[in-house]
Structure formats: C-alpha cells, structure tokens
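# Survey of secondary and tertiary structure
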Amino acid sequence: MLRCHDRRANPSAEREQSFVGGGSEGSQLRLLQSPPLVWLGDSMTHWSQFFIPTLKESPADAEIPSHKLLIRAGLVRKLSGGLYTYMPLGLRVMQKLTEICRQEINAGGGIELWMPHVHPVENWQDGPRWAAAREIMFRVDSAGDGKRGPREPEFVLGPTHEEIITPLVKTEITSYRDLPKNFYQIGTKFRNEIRPRYGLMRAREFVMMDAYSFDAHDEGAVKSYFAMKSAYERFFKRIGALAIAVEADTGVMGGSYSHEFMVPAEVGDDDIIYCEESGYAANREKATSGLVPAGWADPAPAGALEEFATPGVVTIAALEAAPYSVPADQQFKTLVYIGDGKPFLVVLRGCDELEEAKLGQLGFGLFRPATPEEIVAVMGAKPGSLGTVRGTIANPAALAGIFADHAVRLIGNGTTGANKDGFHLRNVNVQRDLAIDRFGDFRRVKAGEPCPKSGQPLKSRRGIEVGHIFKLGTKYSEKFGAVYTDDQKQSHPMVMGCYGIGVSRTLQAVIEQSHDADGIVWPWTVAPFQVLICLLDPQVSEALDLARRLATVAERAGADVLIDDRMERPGVKFKDADLIGIPLRLTIGGKGLKEGIVELKRRSSKDVAKVSLPEAEARLSAEIAALSAAAGG
RNA sequence: CGGGGUGUAGCUUAGCCUGGUAGAGCGCCUGGUUUGGGACCAGGAGGUCGCAGGUUCGAAUCCUGUCGCCCCGACCA
C-alpha cells in the first residue's frame, strides 16, 4: 500500500515552514507554492519546473493545423506578423533539427562558420541582384555618423549570404590547391515578406541553414551539388519528413539548375507537377510537358492571311463564341512585358497561361507586365487586338524581342490580333506569318498533359518548399572577382553552388505532415522530449520515486525524458500529452500501481501495453531501442 | 500594393444592424468537494471596447481618419 505524502499542499509541516519566514499571509502562501527543493538542480526535466503553456483553444489568427498546433502546444508565440518567439519546447525541437542538419551537412563536406547578419549595403549594391533584392531587405538607415541620407542606408539585414561569402572567399582563397570548399552556417535570416503567413511557414525572421560551395571546375561543382543533394536527402529522412526533390526554377538567383525539396501538403504554396511512371517531378514554375512531340512538323498553311472586323472583341473567350467560333487553342495570345525598361512580347496559345517565372530565362534583371499606355505605344493597338504578324506592329524597333512558346507551333491557320483596334487576322501561320525571334518554354503546365519523359498524364499536388539547392555557376564569383590560379598560372572564376534549408519552416512542415485530431505526433529524432512519464499522482512519494527511477533508465537508454509531475487531473495530463506529441508515454497511476503495473503507449498508436513493475525497466529500454532503431539510430 | 474581413479581459467570443451603466466560456486567484481522458460548488481579480477625431444630452454601437491582424490576389533567393 502506498503512503500518501503531499509535498505541496500538506498541512502541518509546511505551515511550520512558512512561519519560519514569519512573513505576512501573502508570503506564507508563496512559500507553500514554492517547489520542493529536492527537485532543484536535478538534470531531469520536470514539467512543473519547465514551461509549456498549452492552450485549449486555437488563437483566432491561426488557419492551418500546423500553425494552430504550434501555438496550442506552446512551441512558439507571436510577437508580430511573421515574428515569433521560440518557447522552451519549440526551441528544443529547433535544436534537434539544427544538430541533425549540422551532422549531415558536415558529412556532405560542409565547413561551418558564422557570418554577420547585419550587412553593409555596399555588398548588395555590388552584387548581381540588388535591384530584385532591395525590396525584401530590412534596411538600417544610418550608423549615426550623419554622413548618409535616409535614402542611402548603410546596412541591411541579411536575407541570405552570397554577397558576404563570395567577397570573403575572394580574399581568402586564391589557389586551386584550396579548392573545393563548402562553407555553411545555421542562423537567422531576415526577409521583409510582403505577406507573412501561416506562422513559421513564411516569416520575416527565420532560421536557415545556408551553404555555399566553391569549386575550380564545373565537374567539381556538380559533385558538390550532388553531395549536398544527398546530405539533404539524409537530413529529411532522419528528421522523419517526407521531402521530395523536384526540379526548380532558379529565379533571381540565376544559375544553371536547381532542385527544391518539397514536403507534400495541402497548405503548401507551391505546385508540384509529377509523373509516377517516370519519376519526373518539378515545381510548376519550372515544369514542362511533352505537348509538342519531338519531330513535330508545323501544319502547312492553307489559305491567305485575311483581316476581318471584330468590333468589341477583346478576349479569347469572345473570339471563341459565335459568330467567330475560333477555338482558344487556335488563337495566338500576345502579351507585352517590360524588361529592364524595354518592351518585349510573349506569344502563347489562347488556351495557355504564361508562367511568369519562365521569363527568367530571357535574362532581364526586372520585368513586369506593360501598362495599357505602354502597349499602345509599341503595338499601335489596345490589349485584345494584339498580334505579331510581320508588318503589323506599330513600333517594332522599340522591342527587346519577340518570344513564343513552343506550343504555338501546334496552331495551323490560327487567328490573332491585327494590332488595329477591332480587327483580327485569320489563316495565320507561325513560320509564314509571325515575326518571332526565339521559341522557348513559357507556358504554365497543367495536370493531365503528357509527361515529357514517359508521355503519361502529369499529376499535380501542393507542397511546402523546405530546401533549395542551386548550381550557381560563376555569376557571383565573376561579379565579385572570386578567382583562383590554376596549375598553369591561369586565373579562373570559381564555380559556385548555394544551398538552403528553411529549418524553422521545416519544423512546421513536420507538424503539418505529422499530426492528428488530438495534437502533434513528433518523429522520434526531433521530438522535444522522446519519453513522457505521465505521473498521475505526483504527491505519492513512491510513485514519484518510481517515475524518477524509470526516467533514469530511459535517459540511460538514450532518450530525452520529461516527467509530468504537475498537480493536475489525469484528463488534463493526457490531453496535454497528446497535444505536445511526445513519441513514448509511460503512465504511472494509482490504479495501475495497485495492480502492480505501469502503462506504455506510443503517441502514434492507440494501443496501451500494461507492463508489470518488475518488467518495467526492461520494457521501457526495449521500447526506446525499438523506436530509436526505427528512426535510423 | 489591390480586394474582402476583423479588432471587446491572458485566450475564444456575445453585444454593434436599431446609441442609454460591458456580458459569457476557458484560463487565473481563494476556500471546499473531487481525482485514469480537458471535474464540481462557492467566492474573487481582471476590460481607457486598437488609437485619434467627429456627431449626440449620451458612443463598444453611428461617421471620418489612422494603426494592427486575418483571408484572397499580386509578390516570394
């Protein structure tokens, strides 16, 4: 029979103790509530001494499950839009993630360093993407010397570090003997996102692992690239996240090719286009399809070019309707963009949409859709009557180029605008009639189109981008003069790669991927604690002793242990346990102890195993070993 | 930056249309009864109703402005 020994609210002993202080009624109460001294200085984490502010209800501003759970489980608290405090429990997860990340990047050849997060703006002005990057950087107006106006800030907060690492490597590495090198850091990044959302998913301040590889030759850069790709794959596997590598757009980064690591999730803000047959997978921004078969011969012209009146017709849909009845896939859509100040044209089929990211291949630093005024100035007609038939463009000399998507070649005897308001042209044929400088892939791929590899219908799903790797080439090294001397005394720019893992975003992606109606289900390797000892009667000294003994066993087996020793009702403890999602729960309660048992339960399962006291230590160790092994050690 | 919404106690919110002393649940504090899946009873603390103007005898409520937040879009290294 267990002896009851209430350490907190017990009458006599504590009352005496409180009188020792001889204080007022208030200070006596405070003393009564102070923790038993025996727990202080103990390495085990006791819930009552820790801080896990759980919430029954979701805050109103959380929309998606992972965001709600981040808040409810007491992992983070919001300071302001896109700015979060990592609470003790959340910090523990971050620490686990960063440590695993560190191990795998090290294994992939990374060398850790630490760079400043406040950057002289000159580094960015000297770099190749200042125009695009300035908008999202937090800026610090002045160091206080008063020499600069507010329009020329001295410092920016770093959104990433190419502009810092490249000049560093330029001065420190000059010989091929010192190459290759791959430097990385794990730290805070600042991006003034236009619209922060979904908690840590798109934050203004976030934690990122960023790595930068420098190689003497392209082959080496490819090797570095794939070493990192493998490291990423090991990282995501170890943390229990399903992340798939997809081909990606290089965006403002520039560079030759890149992969994104995506965690499939409904709430992701990227579209993944993929084919199960061939394994093809790409971000929609980059995805291509086998719409135009290899060896496709353009349809032969059948009839002369002919202008016809189309009063009031300014949309694809209107031209599809009677009396014109031109199917959208037989119409040419002509879009006017402004690239670095000069207009250029993009021609698509009427049924296709432009994938703006694909305009990046044209090499403009900045581009945007033209305004109606700009369109009239160059084309001679308003939107809705535009076309690229030779001789119809009002001011062709102003154009920086006319680019057409490959798919327009599927059109034979199509219809396009006459660059004259209210008129279109029919029997338009690509080769014969259109003034096109270059064909390319500009259209947005839709699910159902043939896979470029297998020809099978492509599928699409949403994903969260948690990592990105780029083979950068020499864009930055040339700009910053990061060159080395080879064994022939020749100077060459280093071939770079850059790599990022959104660690804080990954934290949330793991939750998004691993939760149920009751709360988070942490993977073993990143769980803030791996074993929760749920002590239903913490005031019973034998039960407490048992909990601490079993906690020691679990720690020796390599697990992080949390003892829930709070004076709460069992229901509260179980609900909290499910909410914070500790993988293995061991319950010690009065009822079980009367039968001589404790209970073991995995968070991921409904099954509860009753374990007799003599077997408890062995079973606990075995369970930890099993979970640890299943997680890959 | 465009469109929509919202702001009331630590959290979730009612009240606003139709102006008349600001309510509830959770949480918190005190006492008691409970004690294996978010207990119960009694008592209590806590709100310049985002902020600034205006209308009015009187504003959480109506008007104007402003700020924050959320959603959609644009944007997204």
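Going by the structure above, here's the rest.
Summarised in this report is the structure supplied together with it. Remember, it's a predicted structure, so these values are computed and weren't measured experimentally.

This part takes up the sheet that holds strand β31 (residues 597-602). What the six strands build is an open sheet, ordered β1-β29-β28-β30-β31-β32; its pairing is mixed. If you trace the sheet from one side to the other, it starts and ends with β1 (45-46) and β32 (608-612), each paired once. Taken together, the four bridges between strand β28 (residues 531-535) and strand β29 (residues 561-564) define a ladder with parallel strand orientation. Each bridged residue has a counterpart across the sheet, and for Ile-533 the counterpart in β29 is Ile-563.

Another aspect to go through is the sheet that holds strand β20 (residues 423-428). Strand order in the open sheet formed by three strands is β14-β20-β19, with antiparallel pairing between adjacent strands. A strand with exactly one partner marks an edge of an open sheet, and here the two such strands are β14 (306-309) and β19 (414-417). Between one strand axis and the next, the sheet turns by 30 degrees as a mean value, whatever way the strands run. The pairing of β14 with β20 spans four bridges and is classified as antiparallel. Among the inter-strand pairings, Ala-309 is bridged to a residue of β20, identified as Phe-423.

Across all of its chains, the model carries 34 salt bridges by this definition. With its nearest N and O atoms 2.9 Å apart, the salt bridge here joins Arg-284 to Asp-271. Note that Arg-284 is positioned in the loop between β13 (281-283) and β14 and Asp-271 in strand β12 (residues 270-274), a separation of 13 residues in sequence. Both residues of the pair, Arg-284 and Asp-271, belong to the buried class. Between Arg-602 and Glu-623 there is a salt bridge whose closest N-O contact spans 2.7 Å. Note that Arg-602 is positioned in strand β31 and Glu-623 in helix α17 (residues 613-630), a separation of 21 residues in sequence. In this structure Arg-602 comes out as partly exposed when scored by relative accessible area, which is 30%. Residue classification places Glu-623 among the buried positions, given a relative accessible area of 17%. One network of salt bridges, in which partners are shared, links Arg-349, Asp-352, Arg-443, Lys-446 and Glu-449.

Where empty space is left in the structure can be found by rolling a water-sized probe over the atoms. One pass over the structure, following the stated rule, counts one cavity of 30 Å³ or more. Estimated volume of the largest cavity: approximately 50 Å³. Leu-532, Ala-577, Asp-578, Ile-582, Arg-585, Lys-601, Arg-602 and Arg-603 together form the lining of the largest cavity. Looking at the lining of the largest cavity, the elements that each hand over two or more residues are α15 (570-580) and β31. Among the residues forming the lining of the largest cavity, the class breakdown is three nonpolar, no polar and five charged.

Residues in close proximity to RNA strand B total 41 residues, the closest being Ala-60, Ile-136, Arg-202, Asp-578 and Glu-599. Counting only atoms of RNA strand B within 4 Å of the protein, the sugar-phosphate share comes to 45%. At a separation of 3.4 Å, a phosphate oxygen of RNA strand B approaches a polar side-chain atom of Tyr-198. In the model, a base nitrogen of RNA strand B is placed 2.3 Å from a nitrogen or oxygen of the Glu-599 side chain.

By size, the foremost hydrophobic cluster in this structure holds 58 residues, and its most contacted members are Leu-75, Met-209, Tyr-232, Phe-236, Ile-239, Leu-507 and Trp-522. If one sorts the elements of this core by residue count, helix α4 (residues 88-107) sits on top with seven residues. Filtering out sequence-adjacent residues up to four positions away, Trp-522 remains in contact with Leu-75, Val-93, Leu-507, Val-510, Ile-511, Ala-527, Pro-528, Ile-580, Gly-581 and Pro-583. With 28 residues, the next largest nonpolar core counts Ala-551, Val-553, Ala-554 and Val-561 among its residues.

Turning to the layout of surface pockets, a few remarks are in order. In this model, the second largest pocket occupies a volume close to 320 Å³. Lining the second largest pocket are 17 residues, and of these Pro-523, Trp-524, Leu-627, Ala-630 and Ala-631 lie nearest its centre. Going through the elements one at a time, α8 (218-238) and α17 are the ones with two or more residues in the lining of the second largest pocket. Partitioned by chemical class, the residues of the lining of the second largest pocket number nine nonpolar, four polar and four charged.

Turning our attention to the packing of α4 against helix α13 (residues 503-513). Two measures define how a pair of helices packs: the angle their axes make with one another and the distance between the axes. Closest axis-to-axis distance for the α4/α13 pair is 10 Å, and the angle between their directions is 110 degrees. As far as their axial angle goes, α13 and α4 are roughly perpendicular. α4 and α13 meet at a crossing whose hand is right-handed. Contacts from Gly-90, Val-93, Met-94, Leu-97 and Thr-98 in α4 reach Val-503, Ser-504, Thr-506 and Leu-507 in α13. Its residues assigned to classes, the contact of α4 with α13 comprises five nonpolar, four polar and no charged.

Another point: the packing of aromatic side chains. In total, this model carries 11 aromatic pairs according to the counting rule given. A ring pair is formed by Phe-344 and Phe-403, whose centres lie 5.9 Å apart and whose planes are at 70 degrees; its orientation type is edge-to-face. Taken together, the residues Phe-344 in strand β16 (residues 342-349) and Phe-403 in strand β18 (residues 402-405) connect sequence positions 59 residues apart. The exposure class assigned to Phe-344 is buried, which follows from its relative accessible area of 0%. Under the relative-accessibility criterion, Phe-403 is labelled buried at 8%. Here the aromatic cluster, defined as three or more aromatic residues joined through ring pairs, consists of Tyr-337, Phe-344, Phe-367, Phe-403 and Phe-442. One cation-aromatic arrangement involves Arg-92 over Phe-529; the distance from NZ or CZ to the ring centre is 3.9 Å.

Further remarks concern the packing of helix α14 (residues 541-556) against α17. Put simply, α14 and α17 touch, their axes get as near as 9 Å, and they point 35 degrees apart. As α14 packs across α17, the resulting crossing turns out to be right-handed. Packed against α14, whose contacting residues are Leu-546, Arg-549, Leu-550, Val-553 and Ala-554, the element α17 presents Leu-613, Ala-616, Glu-617, Leu-620, Ser-621 and Ile-624 at the interface. Of the residues that constitute the contact of α14 with α17, the class distribution is eight nonpolar, one polar and two charged.

In this section: the pairing of strand β25 (residues 495-502). Counting buried positions along β25 gives eight out of eight residues, so the element sits mostly inside the fold. Burial of β25 is two-sided: the residues Val-495, Gly-497, Tyr-499 and Ile-501 facing one way and the residues Met-496, Cys-498, Gly-500 and Gly-502 facing the other way are all buried. Bridge analysis of strand β9 (residues 205-215) against β25 gives eight bridges, and the strand direction is antiparallel. Its bridge partner being in β25, Tyr-212 is matched across the sheet by Cys-498.

Positionally, Gly-363 belongs in the loop between β16 and β17 (367-369). The class of Gly-363 is exposed, set by a relative accessible area of 59%.

Turning next to the environment of Tyr-176. With respect to the helices and strands, Tyr-176 occurs in the loop between α7 (162-172) and β8 (181-190). Measuring from C-alpha to C-alpha, the distance between Tyr-176 and Pro-59 comes to 56 Å, with 117 residues separating the pair along the chain.

What counts, and at which threshold
- Residues numbered from 1 in each chain as written.
- Chains lettered and ligands numbered in written order.
- Predicted model: local features only at pLDDT ≥ 70, side-chain atom pairs only at ≥ 80, totals over all residues.
- Heavy atoms only, no water.
- Pairing = 2+ DSSP bridges.
- Helix = DSSP H or I, 4+ residues; strand = E, 2+ residues; numbered from the N terminus.
- Axes fitted to C-alpha atoms, helices over the stretch in contact; angles between N-to-C directions.
- Salt bridge = Lys/Arg side-chain N within 4 Å of Asp/Glu carboxyl O.
- Buried < 20%, exposed > 50% of the residue type's maximum accessible area, 1.4 Å probe, protein only.
- 1 Å grid on protein atoms, 1.4 Å probe; cavity = no way out; pocket = protein on both sides within 12 Å on 5 of 7 lines; lining within 4 Å.
- Points joined across faces, edges and corners; volume = space filled by probe spheres on them.
- Nonpolar A, V, L, I, M, F, W, Y, C, P; charged D, E, K, R; others polar.
- Near = heavy atom within 4 Å.
- Polar contact = N/O pair within 3.5 Å; in protein donor to acceptor, adjacent residues only side chain to side chain.
- Core = buried A, V, L, I, M, F, W, Y, C linked by side-chain atoms within 4.5 Å.
- Contact = heavy atoms within 4.5 Å.
- Parallel < 35°, antiparallel > 145°, perpendicular 65-115°, else oblique.
- Left-handed = near helix turned anticlockwise from the far one by under 90°.
- Phe/Tyr/Trp six-rings, centres within 6.5 Å; stacked < 30°, edge-to-face > 60°.
- Lys NZ or Arg CZ within 6 Å of the ring centre and 35° of its normal.

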